[in-house]
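Given next are the chains, with one letter for each unit.
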Amino acid sequence: ARTWEAAHVHEVSNFGKDIKRGLSSVYKEQAIEALKAGKVVFQVLSSGQDHSLDAWSTDPWDFVAAVVPAKAQALDKMPGLNMGIRVMFAIVAAVSAVAGPEAVAKLMVVLHVHDGQVSTVYQDLMEHSHCGLQPEHVVVVAQKRCKGYSYNAEQQRFLQEPGSALKDVGPGFSMLQLCWESEANWANSAGQPVKIMTSVLDHLLKRGASWMLTKHIQDLSTLHPDSTIDVDSLAYTLYLRDAHSANMAIDVEYVNISGTQGVGNMQGLVLGSKAPRPAPPAGAKPQAFSRHRPSRIPDSKASTPPVTPPSPPMKHAVCAIKMSDLHTPRTQPLLLEPRYLLQQQQQQRRQYEQQQEQQDNRGCGKGGRRVAAVTGRCTWHLPSLQELLTSPSVFHPSLLMAQEGLVYLHFGIFDLTSHPGARCAALHAEGSRPDARRGSEDVEALIRAVCAQDAAGAFRRLVGSTAASAAKMAGKTQAPSGAMGLKRHEQDTQAEIDAKKARKYTGQRIVFLVSDNPASQLALQLAQSIFKPGKDLVMFMTIVPNSLAIPTGKMLMSKFMDAARATCVEAVAEVKVKTEAILEQLDSYVEESNADLVIMGSMVLAGGGTSTATVMGSISLCLMKTLSRPLLIVKANAKNANITWDQDKLKAVMHVDHGSRPLLKYMCTKFLNPLRSDQLYLARAGATDMHAQETGISRRLLENFAEVASSHRFAPIKKPLPGSFEADVPLITDTEKIHVMAVQAPSGRAPVTDNLVKLLRTTRCALLFYKGMDL
């Protein structure tokens, strides 16, 4: 008979201490090499989710807007991407960050959906160019949904209810489908399915895959860029495979319970398992599993139990027990008996780490008991998985209660851990899986996860590039809706441009004055880090001398539109023929566009350039005088303004004065992004006395500005300057590699002071010249 004990959980944070010195780095390198070689496959389970919303097709921002509309409107977001596509992009971006583009070229993903989602999945994959993967590397397995059952008292049996709702049979059934031939498809670039004639496992093994990582589509930790892939956990699994022949690993988290309270949100309980290995009958051979889909749902009782060759017991093997198996009188005591709890075991195991004892016992308060609960994430050794899936009887179907007395058959994935041939290890990674157990119903957890993903530059670049690629391949004039309706500029009509400009935007209306010179290119690099998708509208505008130069102007604008499309921001481009003085025409365009920010490059302020650049340079000084809107000027030699928008955080320094509070609010709410950890420096000129001590007025002013910035989730750095702002700030910008210097200017047509012109010429960063009152 099987006996139980407290689960032995391998702490990923102790990986380097649990094995011989130096081996941890070796296994980490092996994990990365496995990703590069395409030996690691990702399995995404969209079927088997017991939720009212369609797990694949739901846009999380639509869900947030329906529950908390005010908060959804205020947040920076990328609407138009459903949950399934977000998970796919998250996996691709994480693999690229960990193992490089060569790993993405070999990456394979197995998508499990139900039969009602198939057409939507194919369409989404086509519109997003398979999220940057090879089309044949995205395998789609569709599970047929079944109707519910009701109990017939006369026949004393459960009968299928014809009018009941359709539901899938669970992730365990999805695992069975991996063994059936002709069960999966992949979608070509036109969105048409292509049948895979072999089983999915044979298909993966033939391509050299060895491991499969299972992710549930509503596991919010997948969306966090830092927790999509845990290389340390994968490395630990590889070590356990070599050291203890582990063929599967499950991720666990610690849950504090009191009696039977606190178990409602658990997916299952993890316990240590000691079970004798049954010896096969004399002459018996392992049972071969049928490679063909059965005509009906398999009856586990009618199936012949598989014959598994005996194997030596694995040290510290665990078994995951699903919650439906813990609701019986015989299994509920498992939550109450002390020998099944983790506290005593962990204290004994970590005696040499007394400084971490308090942290290890966190959550085990007075009267509380801590247990190991499953998170839904698993890692499977594919050759071993193929040997284990010998019969449907490896699963223990459950009956799920529904409304009106209906029950549905459900196959759980964790039944595989109780297979006689299973050698399962439990892993726990401290702090690397935020909001792992929480589903989309927890709105706050969902907002944190989706905001973290939308703020990631790599994610935005991937979305923008695949949307553009899909639009080209499809030959469409309009890019997919998931890319927020972006188009190629040369196909925008004036009516469409006017329609976009007439819409209301929650962010900024940004006018970018384009010239064909290095200064404009550098300004574009910096501007990409300012654009906020889903909120801002970017209006590129250039002036050509006559109508014959319009094609040349459009070619120039297409490059800027491609750069905007990479950031997933809404953008338009207009080429205007010169009809009046350039200054007046630019000023009129800015006013007509109702711009909140104007961006331009300058060659003259850098100290040289062609005659055209000279005109634009002089115009930049004139616009500083005439415009009543914020103006961002980027010189051609502003080396500090060179920024990689999807990798670097934006750094800005602002002049702190009694009249610069509007600038502070603008920087914190419109310009910088706290989710990207942008940095704000607060510089106060003349802040010290003759004894080099900070004056009381300067100290209080800097502290007040810092408090305001902190309320907007920034961690400002205070810089009291002994001298003038013009003399000391250029040194700070060079030392700290600051990208933008911001100054508050008086409203109206005030002349540009000589000190400001000198500052423009000497500094090596961009200048934000802010005019305006409080926002």
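Criteria and thresholds
- Residues numbered from 1 in each chain as written.
- Predicted model: local features only at pLDDT ≥ 70, side-chain atom pairs only at ≥ 80, totals over all residues.
- Heavy atoms only, no water.
- Helix = DSSP H or I, 4+ residues; strand = E, 2+ residues; numbered from the N terminus.
- Buried < 20%, exposed > 50% of the residue type's maximum accessible area, 1.4 Å probe, protein only.
- Areas by Shrake-Rupley, 256 points an atom, 1.4 Å probe, with all protein chains shown as cover.
- Expected span 1.5 Å × (residues − 1).
- Arc of directions from axis to C-beta.
- Contact = heavy atoms within 4.5 Å.
- Core = buried A, V, L, I, M, F, W, Y, C linked by side-chain atoms within 4.5 Å.
- 1 Å grid on protein atoms, 1.4 Å probe; cavity = no way out; pocket = protein on both sides within 12 Å on 5 of 7 lines; lining within 4 Å.
- Points joined across faces, edges and corners; volume = space filled by probe spheres on them.
- Nonpolar A, V, L, I, M, F, W, Y, C, P; charged D, E, K, R; others polar.
- Pairing = 2+ DSSP bridges.
- Axes fitted to C-alpha atoms, helices over the stretch in contact; angles between N-to-C directions.
- Phe/Tyr/Trp six-rings, centres within 6.5 Å; stacked < 30°, edge-to-face > 60°.
- Polar contact = N/O pair within 3.5 Å; in protein donor to acceptor, adjacent residues only side chain to side chain.
- Parallel < 35°, antiparallel > 145°, perpendicular 65-115°, else oblique.
- Left-handed = near helix turned anticlockwise from the far one by under 90°.
- Salt bridge = Lys/Arg side-chain N within 4 Å of Asp/Glu carboxyl O.
- pLDDT = per-residue confidence, 0-100.

K.L.:
I would appreciate a short explanation of the overall build of the chain in the present structure.
P.N.:
When helices and strands are tallied, the chain shows 24 helices and 27 strands. Per-residue burial for the chain yields a buried fraction of 54% across its 775 residues. Carbon together with sulfur atoms contributes 52% to the accessible area of the chain, which is approximately 33,000 Å² in total.

K.L.:
What am I meant to see in helix α23 (residues 725-736) here?
P.N.:
Helical geometry: 3.6 residues make up each α-helical turn, so side chains three or four residues apart lie on a common side. Helix length check: α23, at 12 residues, gives a terminal C-alpha distance of 16 Å against a target of 16 Å (1.5 Å per residue), a fit within 8%. Looking at α23, one finds that the buried residues are F725, V729, P730, I732 and T733. All buried residues of α23 lie within an arc of 165 degrees about the axis, which places them on one face of the element. Across α23 from its buried face, at more than 90 degrees, point the exposed residues A727, L731 and T735. Each element contacted by the buried residues of α23 is listed here: β23 (651-655), β24 (679-684), β25 (717-720), β26 (740-745) and α24 (754-762).

K.L.:
Help me understand the nonpolar core in this model?
P.N.:
Within soluble globular proteins, side chains that are nonpolar tend to cluster in buried spots. In terms of nonpolar packing, the biggest core is built from 77 residues, with F42, M88, V95, L107, V109, L111 and L133 touching the most fellow members. The greatest single-element share of this core, amounting to 11 residues, is contributed by helix α5 (residues 83-99). In contact with V109, not counting residues within four places along its chain, are F42, V44, M88, L133, H137, V138 and V139. Core analysis: the next-biggest nonpolar cluster, separate from the first, contains 55 residues, L524, A527, L682 and A766 among them.

K.L.:
Looking at this model, I keep getting lost on empty space enclosed by the protein. Mind explaining?
P.N.:
The rolling of a water-molecule-sized probe over the atoms marks out the regions of remaining empty space. In total, this model carries six cavities of 30 Å³ or more according to the counting rule given. Roughly 100 Å³ of volume is contained in the second largest cavity. Forming the walls of the second largest cavity are D76, K77, M78, C451, D454, A455, R460, F531, K532, P533, N673 and L675. When residues of the lining of the second largest cavity are assigned to their parent elements, the largest contribution, three residues, is made by helix α14 (residues 443-455). Across the lining of the second largest cavity, the residue classes tally to six nonpolar, one polar and five charged.

K.L.:
What's the story with the environment of E33 in this structure? I'm lost.
P.N.:
Structurally, E33 can be placed in helix α2 (residues 23-36). Judged by its relative accessible area of 47%, E33 falls in the partly exposed class. Separated by 66 residues in the primary sequence, E33 and A99 place their C-alpha atoms 7.5 Å from one another.

K.L.:
Could you clarify how one ought to interpret unusual backbone geometry in this entry?
P.N.:
Phi is mostly negative for residues that are not glycine, and the peptide bonds are mostly trans. The phi torsion at N594 lies on the positive side, around 55 degrees, for a residue other than glycine. If you trace the backbone, N594 turns up in the loop between α19 (582-592) and β21 (597-602). For K737, which is not glycine, the phi dihedral falls at a positive 55 degrees.

K.L.:
I keep staring at the pairing of strand β17 (residues 424-428) and nothing clicks. Help me out?
P.N.:
In terms of residue burial, β17 counts as a mostly covered element, since five of its five residues are buried. Side chains C424, A426 and H428 project from β17 onto one buried face, and the interleaved A425 and L427 project onto a second face that is buried too. In this structure, strand β2 (residues 9-11) lies alongside β17, joined through three bridges in parallel fashion. Along β17, the bridge assignment pairs E11 with H428.

K.L.:
Explain the sheet that holds strand β22 (residues 631-635) here, please?
P.N.:
Strands in a sheet are paired, the pairing made by backbone hydrogen bonds, and the direction either parallel or antiparallel. Taken in spatial order, the 10 strands of this open sheet run β20-β19-β18-β21-β22-β27-β26-β23-β24-β25, and their pairing is mixed. Only two strands of the sheet have a single neighbouring strand rather than two, namely β20 (570-577) and β25. Along the sheet, successive strands turn relative to each other by an average axial angle of 20 degrees, direction set aside. In this structure, β21 lies alongside β22, joined through five bridges in parallel fashion. Bridge assignment links V598 to a residue of β22, and that residue is L631.

K.L.:
Explanation requested: the packing of aromatic side chains in the structure shown.
P.N.:
Two aromatic rings, taken as a pair, are described by how far apart their centres are and by the angle between their planes. As enumerated under the stated definition, the model contains 14 aromatic pairs in all. On the numbers, 6.1 Å between centres and 85 degrees between planes, the contact of F89 with F459 is edge-to-face. Of this pair, F89 sits in helix α5 while F459 sits in helix α15 (residues 457-474), placing them 370 residues apart in sequence. When the ring of Y151 is compared with that of F158, the centres are 5.3 Å apart and the planes differ by 65 degrees; the resulting orientation is edge-to-face. Classification of F158 by relative accessible area gives partly exposed; the value is 39%.

K.L.:
I would appreciate a short explanation of helix α10 (residues 231-244) in the present structure.
P.N.:
Relative to the 20 Å expected for 14 residues at 1.5 Å per residue, α10 spans 20 Å between its end C-alpha atoms, a close match to the ideal helical length. Along α10, the positions that sit buried rather than exposed are V231, S233, L234, A235, Y236, T237, L238, Y239 and L240. For α10, the N-terminal cap is D230; the gap from its side-chain oxygen to the backbone nitrogen of D232 is 3.2 Å. A positive phi of about 55 degrees marks S245, the residue just after α10.

K.L.:
Looking at this structure, I do not really get the packing of helix α21 (residues 661-671) against helix α22 (residues 696-711). What am I missing?
P.N.:
When two helices pack together, their arrangement is captured by the angle between the axes and the distance separating the axes. Running from N to C, α21 and α22 cross one another at 30 degrees; their axes reach a closest spacing of 10 Å. Between α21 and α22, the angle falls in the class roughly parallel. Seen from above, α21 lies across α22 with right-handed handedness. When α21 is examined against α22, the residues R661, L664 and C668 are found in contact with a partner set consisting of L701, N704, F705, V708 and A709. Taken together, the residues of the contact of α21 with α22 break down into six nonpolar, one polar and one charged.

K.L.:
Could you clarify how one ought to interpret the pattern of salt bridges in this entry?
P.N.:
Pairing is possible between side chains of opposite charge, provided their charged atoms come close. Per the stated rule, a full pass over the model turns up 17 salt bridges. Ionic pairing is found between E33 and K36, a salt bridge with its closest N-O pair at 4.0 Å. Residue E33 and its partner K36 are both found in helix α2; the two are separated by three residues, about one turn of the helix. Given the relative accessible area of 27%, K36 is considered partly exposed. Residues D415 and K322 are paired through a salt bridge, measuring 2.7 Å at the closest nitrogen-oxygen approach. Placement of the pair is D415 in the loop between β16 (407-410) and β17 and K322 in strand β13 (residues 318-322), with a sequence separation of 93 residues. Residue D415 is classed as buried on the basis of its relative accessible area of 3%. According to the relative accessible area criterion, K322 is buried, its value standing at 9%. It is possible to trace a salt-bridge network through shared partners that takes in D219, D251 and R377.

K.L.:
Would you explain the confidence of the model for the chain in this entry?
P.N.:
Note that predicted coordinates carrying low pLDDT should not be read in detail. With 80% of its residues at a pLDDT of at least 70, the chain reaches an overall mean of 82. Predicted confidence is poor over residues 343-368, with pLDDT under 50, and the contacts of this stretch with residues over four places away or in other chains come to 38 contacts. Predicted confidence for residues 432-440 stays below pLDDT 50, and this span has 31 contacts to residues more than four positions away or in other chains.

K.L.:
Could you clarify how one ought to interpret the environment of A422 in this entry?
P.N.:
Looking at where A422 falls in the secondary structure, it is placed in the loop between β16 and β17. In this structure the C-alpha to C-alpha distance between A422 and A317, which are 105 residues apart in sequence, comes to 8.6 Å.

K.L.:
Is there a simple way to think about the environment of L271 in this case?
P.N.:
One can find L271 in strand β12 (residues 268-274). L271 sits in the buried class, given a relative accessible area of 0%. Between the C-alpha atom of L271 and that of A6, which follows or precedes it by 265 residues, the distance is 5.4 Å.

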